[in-house]
Protein chains: 2
Amino acid sequence: METLDALEALSALSQESRLQIYSLLVEAGPNGMQAGQIATALDLPPNTLTFHFDRLRHAALVTVRREGRSMIYAARFDTMNDLLGYLSKNCCGGDAQKCAPKSKSQKKTARGKEAAAIR
Amino acid sequence: METLDALEALSALSQESRLQIYSLLVEAGPNGMQAGQIATALDLPPNTLTFHFDRLRHAALVTVRREGRSMIYAARFDTMNDLLGYLSKNCCGGDAQKCAPKSKSQKKTARGKEAAAIR
DNA sequence: TCTATAGTTCAATAATCGTTGAACTATGGA
DNA sequence: TCCATAGTTCAACGATTATTGAACTATAGA
């Protein structure tokens, strides 16, 4: 995944309503969910919802298909997987240890340092 | 990690300059980097840089300490690790398979479906 | 003490983003 | 064909965000 794609995905997910929408769609699984169901669940007006869906769609985080009168949105798990890969690669360097949770003894040392640092 | 913390981290990383800053800091490792070095590397004025550092700091993605006249910023790997955990848990559901890359045969089927769907 | 270096703070501005209301399109059923 | 349901489009508005210039604070060295 390229930096610009990651940036679009991060932007799409960095908004409360959209993160909620996306979470619902992930729970719903590959079959997706009707737009109206999401509107009800999150109490969002239909035009606002369309706006957010568009952003998620442009970030390749969801797909849509029509089914009768309903639009069915579904999460694109492949993109989330790519994003996780990007963040792990570009934000943890080659060294996976850097991102790994610290062991207890290491944690203690780290805490001491952190306490001294300005946050 | 709570949803609101994840949202703050995602917002902090969803901006080009900040993602670049964070990447540099990750490369630099636990010892961090002088603010001035980052300013030079990314060609950003000092006040703009301070603004972005503040957002990264509030999202708990970096720490600062003073060293003589320089401010040394460093990535907080623990937070990135928490964010990856959050995204995996809340965005991949209990079923890690959902986020896992598809096998070749599955990919083919999936492509057919995707082609029919409106993006 | 004086000066240079390294960043921060603050107010102003421009750009982007999210929400809303009103009008519109698409589909299904009577 | 007419009506109801399900969403989309578009323009307008307010809120948030990023950038900039100018003034300021903190530290080091002469």
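From a predicted model like this one, the values you see are computed outputs, not experimental measurements.

Asks: Even after reading the chapter, I still don't get the protein's contact with DNA strand C, so can you show me in this structure?
Replies: Near DNA strand C you find 21 residues, and of these A35, G36, P46, N47 and T50 of chain B are the closest. Looking at the surface near DNA strand C, the elements that each hand over two or more residues are α4 (46-58) of chain A together with α3 (35-42), α4 (46-58) and β3 (70-75) of chain B. Considering each element in turn, the surface near DNA strand C owes the most residues, five residues, to α4 of chain B. Looking at the surface near DNA strand C residue by residue, the classes come out as seven nonpolar, 11 polar and three charged.

Asks: So what exactly am I meant to see when it comes to the packing of helix α2 (residues 16-28) of chain A against α4 of chain A here?
Replies: When two helices pack together, their arrangement is given by the angle between their axes and by how far apart the axes lie. Residues and elements named next belong to chain A. At a minimum axis separation of 10 Å, α2 and α4 run at an interaxial angle of 70°. With respect to α4, the element α2 is oriented roughly perpendicular. Taking contact as the criterion, the partners of S17, R18, I21 and Y22 in α2 are, on α4, H52, R55 and L56.

Asks: So what exactly am I meant to see when it comes to the pairing of strand β3 (residues 70-75) of chain A here?
Replies: Here is the key point about a regular strand: its side chains alternate between the two faces of the sheet. Residues and elements named next belong to chain A. Of the strand pairs in this sheet, strand β1 (residues 33-34) and β3 are connected by two bridges, and their pairing is antiparallel. Across the sheet, the residue bridging to Q34 is I72, located in β3. Direction of pairing for strand β2 (residues 62-67) relative to β3: antiparallel, over a ladder of six bridges. Paired with R65 across the two strands is I72, which belongs to β3. What sits between β2 and β3 in their antiparallel hairpin is a turn of two residues, with G68 showing a positive phi close to 65°.

Asks: Where do I start with the protein's contact with DNA strand D in this structure?
Replies: Residues in close proximity to DNA strand D total 21 residues, the closest being A35, G36, P46, N47 and T50 of chain A. Contributing elements (two or more residues each) for the surface near DNA strand D: α3 (35-42), α4 and β3 of chain A together with α4 of chain B. Looking at the surface near DNA strand D, the element that brings in the most residues is α4 of chain A, giving five residues. Of the residues that constitute the surface near DNA strand D, the class distribution is eight nonpolar, 10 polar and three charged.

Asks: What is the right way to look at the environment of E2 of chain A in this model?
Replies: Note that E2 of chain A resides in the segment before α1 (3-13). Along the primary structure E2 of chain A and L83 of chain A are separated by 81 residues, whereas in three dimensions their C-alpha atoms are 9.4 Å apart.

Asks: I'm lost on the confidence of the model for chain A in this one. Help?
Replies: Detailed reading of predicted coordinates is not advised where the pLDDT is low. Here chain A averages 84 in pLDDT, while 75% of its residues score no lower than 70. Considering only residues more than four positions removed or in separate chains, one finds that residues 103-119 of chain A, a stretch of pLDDT under 50, has 10 contacts.

Asks: Explain unusual backbone geometry here, please?
Replies: The phi torsion of most residues other than glycine is negative, and most of the peptide bonds are trans. You will see that D43 of chain A, though not glycine, has its phi angle at about 55°, which is positive. Relative to the helices and strands, D43 of chain A is located in the loop between α3 and α4. The exposure class assigned to D43 of chain A is exposed, which follows from the 6 C-beta atoms found within 10 Å. Unlike most non-glycine residues, A60 of chain B shows phi in positive territory, near 65°. Structurally, A60 of chain B is set in the loop between α4 and β2 (62-67).

Asks: Can you help me understand the sheet that holds β2 of chain A in this one?
Replies: The strands that make up a sheet pair up through hydrogen bonds in the backbone, lying either parallel or antiparallel. Within the open sheet, the three strands sit side by side as β1-β3-β2 (chain A). Their pairing is antiparallel. Edge positions in the sheet fall to β1 and β2 of chain A, since each has one partner strand and no second.

Asks: What am I meant to see in the packing of α2 of chain A against α3 of chain A here?
Replies: Residues and elements named next belong to chain A. Close contact between α2 and α3 brings their axes to 11 Å; oriented N to C, the two are set at 125°. On the basis of the axis angle, α2 is oblique to α3. The two elements α2 and α3 meet at a crossing, and its hand is right-handed. Between α2 and α3, the contacting residues are S17, Q20, I21 and L24 on the first element and I38, A41 and L42 on the second. Tallied by class, the residues present in the contact of α2 with α3 amount to five nonpolar, two polar and no charged.

The rules behind each value
Residues numbered from 1 in each chain as written. Chains lettered and ligands numbered in written order. Predicted model: local features only at pLDDT ≥ 70, side-chain atom pairs only at ≥ 80, totals over all residues. Near = placed C-beta within 6 Å. Helix = DSSP H or I, 4+ residues; strand = E, 2+ residues; numbered from the N terminus. Nonpolar A, V, L, I, M, F, W, Y, C, P; charged D, E, K, R; others polar. Axes fitted to C-alpha atoms, helices over the stretch in contact; angles between N-to-C directions. Parallel < 35°, antiparallel > 145°, perpendicular 65-115°, else oblique. Contact = placed C-beta atoms within 7 Å. Pairing = 2+ DSSP bridges. pLDDT = per-residue confidence, 0-100. Buried ≥ 20, exposed ≤ 12 C-beta atoms within 10 Å, placed from the backbone. Left-handed = near helix turned anticlockwise from the far one by under 90°.

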